[in-house]
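This is what each chain is made of:
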Amino acid sequence: MLGQGGHVALARLSLLLLLWREATLIEVPQDLKQPPTIIKQSGKDYIVDPRDNIIIECEAKGNPVPTFSWRRNGKFYNIGKDPRVTMRKRSGTLEIGFRSGGRPVDYEGEYQCFAANDFGMAMTNKILLRVSKAPLWPKEVLEPVVVTEGSPLVLPCNPPPGLPPPFTFWMNSAMIPIPQDKRVSMGLNGDLYFSNVIGQDSHTDYSCNARFPFTHTIQQKNPFTLKVQNSRKVVETTPMFLTPSGTESSKMVLRDEQLLLECIAAGLPTPTIKWFKKGGDLPGHKVKFDKFNKTLKIVSVSEEDAGAYVCMANNRLGSIRHTIYVEVKAAPYWLDKPTDLVLSPDENGRLVCRANGNPKPTIQWLINGQPIETSPPNPSTQVLGDTIIFRSVQMGSSAVYQCNASNQHGYLLANAFVSVLDMRPRMLGPKNQLIKVVENNRTFLDCPFFGSPLPELRWFKNGQGSGLDGGQYRVYINGTLEIKKARAEDEGTYTCVASSILGKAENQVRLQVKEPTRIVRAPEHESVTRGSTVSFSCKVKSDPSLPVTVTWTKDDKFLYFGWRLKKDDDSLTINNVNEGDEGTYTCTVKSEIDQDSASARLTVLDRPDPPMDLELSDPAARSIRLTWIPGNEHRSPIREFMVQFEENRWEPGRWQNLSTYPGDLNSVILQLAPFVNYQFRVIAINSVGQSKPSNPSPRYKTSGAAPDAIPRGLRGWGSKNDNMEITWEPLLDLERNGPNLHYNVWWRLKDTEEEWSNVTTEGTKHVVHNTETYVPYEIKIQARNDFGPGPESNVVNGYSGEDKPTDAPKDLRVSKVNSTEVNVHWKSVDPSSVLGEFKEYRLYYWRESSLVPGLSVRMENKTKGFYSTMPEPSATLTDLVPYSKYKMVMVAANNRFEGPPSNPVEFTTKEGVPDAPRFFRINRRSFDTLYLEWDKPLEPNGNLIGYQLKYQTVNGSKVVQSHLQTFLPNATHFTLRMPDRSVHYKFFLSALTQVGTGEVYAEESPHFANEAYIDQVDIATQGWFIGLMCAIALIILILLIVCFIKRSRGGKYPVRDKKDLPLDPVDHKDQDGSFDYHSDEDNKPLQGSQTSLDGNVKESDDSLVDYGEGGDGQFNEDGSFIGQYTVKKDKDETEGNESSEATSPVNAIYSLA
């Protein structure tokens, strides 16, 4: 946010109003007789455009209306004699026209206007009229400027003198400004300064241009041709000043004018400029630096800005200083300007004229345009230096007095009339005015009045109390009432009363105090990428009784809204942001009495433009310099440049990354490989992303050379027991360095002095045949091409092929067997029997069975390796399943083969704690009972002896009470009655063996959304529930009747499918009381059976199984025995049985329940 400027502006306005009200005296109404007053005049230094008519302004007021006259160059100017000069009606303004000929330059001179009536004469400043001039540049032939690289240079401009002086700038022939920077800049005199020249400065069109503001014309100097002679070695130089010369200089400046100090230095490297002030600090709030610190600027100079200013130029070779002594003089300026004075007869008064300057100005008084010394003496008037005293003035003594304060740098002239009047008080402002003001602001209630003698003014609120003055209130001499901080209780009707010895007058003002209009959530600075969406907030709070308008501007211009720019009450949204949207956005909210504004800057970021103009220089065998011009960075600084290359020998058309460089570089040395035909391109990278690649550079081909690289990955190994394969990685394409790449390979038996065997090949593999089994070799390699051999590699060790180990580990045994771990012992094999590199002793083990009755296991072969060179190693085998029978064997292994197995070993792990139950479910069967159901653990890890259930009542996150319940090993359910229906429980179920408690399965009782309603209403007493139960009973009765009727008519029922296994309510135990583990099939209920509410499988007493199937004795319709139907049915009959069950009354009850 740039600032909420509304309230600041109001505060400044209030301060200005305060100062104005303190300085403003009583205005004389225009309907009263009064001397003339100058209200408008041209400036003292008046420059006019020769192409326009000349207008010299002079306006005045008075009663009677003043008459006007002019002086030119100190003499009366007879306007009537010059047909080109006319004076406007009821005005002294002169108009000089040139339609009928004449030259404006003939009217140059000093003009002064006089306005007079019966009560005095006022006059303007002396107006110096000059005609603007734009002289042509003198014709000259400029010789080419030839300089050596690194030398300083000044190209003079010397513009023709104009009125006013022209604005100068440098451009080339394409009318493009000459780039200026720390090294190259234009001086205050218009010359172009080079701290040092470089080769790129060579141009033929350095042209100085002069723009004349009045004629709006630009004149161009003949262009300079600059030729820079390149030097093999540019000599660095210490700084020296091009301007100003010497070590000291001085400058005089007038108060309130602009001070410009300049220091431009030559040197290589380019010097930097720093500024200091002797005896104190630079006034930071006033000082600005331009032209890369070469110019110091103070906009409005005051006396304290005088002193010695030092500029220092330095580079790494040294530094130099120059001192500028600044002297501040001052043209006259007002301390106490004389103002109009209204007196009544016999009243006293005075006029004061105080001014200051350097040197101190002299004061001269005039009366009606004539020096007061030459006017007739007046006993009621006394001149005392800068003051005129009036005593007992009389009617008819009105006049206009002039005060002139002057020194060598200028003058001041002020008119002040003295008017003698006799009038009763009168109000000048509108009656019963309504004023709305902002709460907590300084408020002024105006009550303009007049009277002579000057009336006394008093203010009253709501017609009560004494006059308002002091504390919260202040009354000014012109009748204005100030309320220092308006509050709600200050609302009301204010009455101002002006009274004198001649009478009194009054007026009323109604005051309303409103809440301020302010922005409570202002827009904030945003930096976004092109194409995105951005929003600026502007939330407003204001007085409800005041309508407000919210407007948005961009760079002080109103916005036009459409599909991209949208405005709502609190924000501005810009969609699909582009570069044209960048700028300062200001939200302004206005009411009829105040306003507020806030601004924020939008910066649009984008990927940089691609670099341009790639050039290659300084070629060498394995390097070249690449130079480019960076593209537009789009307000996100370039962080780095990526240089890519493409070569047309091995992978033409494929661009590869070569290197990255910091974003402040644009010329780099590229390190290259031999025998490559390169071309390059550059990509710029900023915070948004990568630019498009630049256009490719010209190609550059490096010369060939012998290889520099050594083939990597050299190794020797055997693929068979009588060979050795020597392999390596090929050199990369950029490592070839030349054509016809080959590899020289050497090998020999290790630790022998025999000659090296060698071979030369183009491939990446060589096989040595007829070797002994697993013997060590020494190997080395070298790359070569047509330019010669490269460096040899270091010698590496390789081995011929391995064979199967011949010996097995002996005396495999175990010790310290517990539930999950066992110690393994064995005797090692003879190292020579491994026939290769010994890798490990590999243990194969598997779980044969579980010691838990009825628990079947899946045998899974597992391995674990142990590396040891001890004669009788030992190791620990972990992660075994408790209470299980295991078998194991061990082999010795090299990198390719395993040897024969050891003796097998059997062992059993001890009993452990069980796993968690297979599942644990909690159902709510009624309002005050919970039904808990679980299943046996998948791995009991021993003989189960029961279950342990812990449960806790929970109130929020606080545990209130804990309970413990144990069960027999064959129990799989439990019903819990709840004393309080709203209580919730946490359950922790675990199985038990002799070793201890197993893994816990935790659950929480379910929450029901309708529990609160159930707690409040007993459903059994509800009429709808009773009616529903009656309806169900009636349907069952009807179904029973239908079934009996059908049977009595000889209907047959399909026989249900029946399982061979009996339907037991609980699982069986063995004779020793242990739990008998069955498969999952053993626990499945019979097809078509139903589960009771407590989880046990039972047959209903009132089912019709006796009529269909499942009984020991079943009969057909003629009473014959049909037990043969108890055999299994095929699939079709089973489907029929299922359909018949759907019509069973028992099943109907279940479906309804």
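Residues numbered from 1 in each chain as written. Predicted model: local features only at pLDDT ≥ 70, side-chain atom pairs only at ≥ 80, totals over all residues. Heavy atoms only, no water.

1. Considerations on the overall build of the protein
Scanning the protein from N- to C-terminus turns up 6 helices and 86 strands. Expressed as a percentage of its 1153 residues, the buried residues of the protein come to 42%. Partitioning the contacts of the protein with sequence separation of at least 6, the portion at a separation of at least 24 is 66%. Carbon and sulfur atoms form 50% of the exposed surface of the protein, whose accessible area is close to 62300 Å². (Helix = DSSP H or I, 4+ residues; strand = E, 2+ residues; numbered from the N terminus. Buried < 20%, exposed > 50% of the residue type's maximum accessible area, 1.4 Å probe, protein only. Contact = heavy atoms within 4.5 Å. Areas by Shrake-Rupley, 256 points an atom, 1.4 Å probe, with all protein chains shown as cover.)

2. Things to note about the packing of aromatic side chains
Tallied over the entire structure, the rule returns 28 aromatic pairs. Ring centres of Trp934 and Phe967 lie 5.2 Å apart, and the angle between their planes is 50 degrees; on these two criteria the pair is classed as tilted. Of the two residues, Trp934 is situated in strand S81 (residues 929-934) and Phe967 in strand S83 (residues 958-967); the sequence distance between them amounts to 33 residues. For the pair shown, Trp934 and Phe967 are each scored as buried. Pairwise contacts between aromatic rings join Trp826, Phe838, Tyr841, Phe866 and Tyr867 into one cluster. Positioned above the aromatic ring of Phe919, the side-chain terminus of Arg921 is 3.9 Å from the ring centre. (Phe/Tyr/Trp six-rings, centres within 6.5 Å; stacked < 30°, edge-to-face > 60°. Lys NZ or Arg CZ within 6 Å of the ring centre and 35° of its normal.)

3. Some thoughts on the state of the cysteines
Every disulfide links exactly two cysteines, by a covalent bond between their sulfur atoms. Tallied over the entire structure, the rule returns 6 disulfides. Covalent S-S linkage joins Cys353 and Cys403, the inter-sulfur distance amounting to 1.7 Å. Disulfide Cys353 to Cys403: torsion about the S-S bond roughly -70 degrees, handedness left-handed. With Cys353 in the loop between strand S31 (349-352) and strand S32 (354-358) and Cys403 in strand S37 (residues 399-407), the pair connects residues that are 50 residues apart, well separated along the chain. Overall, the relative accessible area of 0% leaves Cys353 in the buried class. Look at Cys403 and you get buried, because its relative accessible area is 0%. Here the bonded cysteines of the protein are numbered in sequence order, and their pairing is 1-2, 3-4, 5-6, 7-8, 9-10, 11-12. (Disulfide = S-S within 2.5 Å.)

4. Here's the deal with the nonpolar core
By size, the foremost hydrophobic cluster in this structure holds 28 residues, and its most contacted members are Ile54, Ile56, Trp70, Tyr77 and Tyr107. When residues of this core are traced back to their parent elements, those giving at least two are strand S4 (54-56), strand S5 (58-63), strand S6 (67-72), strand S9 (94-96), strand S10 (109-117) and strand S12 (127-131). Counting 21 residues, the second largest nonpolar core, distinct from the first, contains Val822, Val824, Trp826 and Ala892. (Core = buried A, V, L, I, M, F, W, Y, C linked by side-chain atoms within 4.5 Å.)

5. Notes on the sheet that holds strand S33 (residues 362-367)
Strand order in this open sheet of 5 strands is S30-S38-S37-S33-S34, and the pairing throughout is mixed. Of all strands in the sheet, those bounded by a partner on one side alone are strand S30 (341-343) and strand S34 (370-371). Both S33 and S37 contribute to a ladder of 6 bridges, which runs antiparallel. Paired with Thr362 across the two strands is Ser406, which belongs to S37. (Pairing = 2+ DSSP bridges.)

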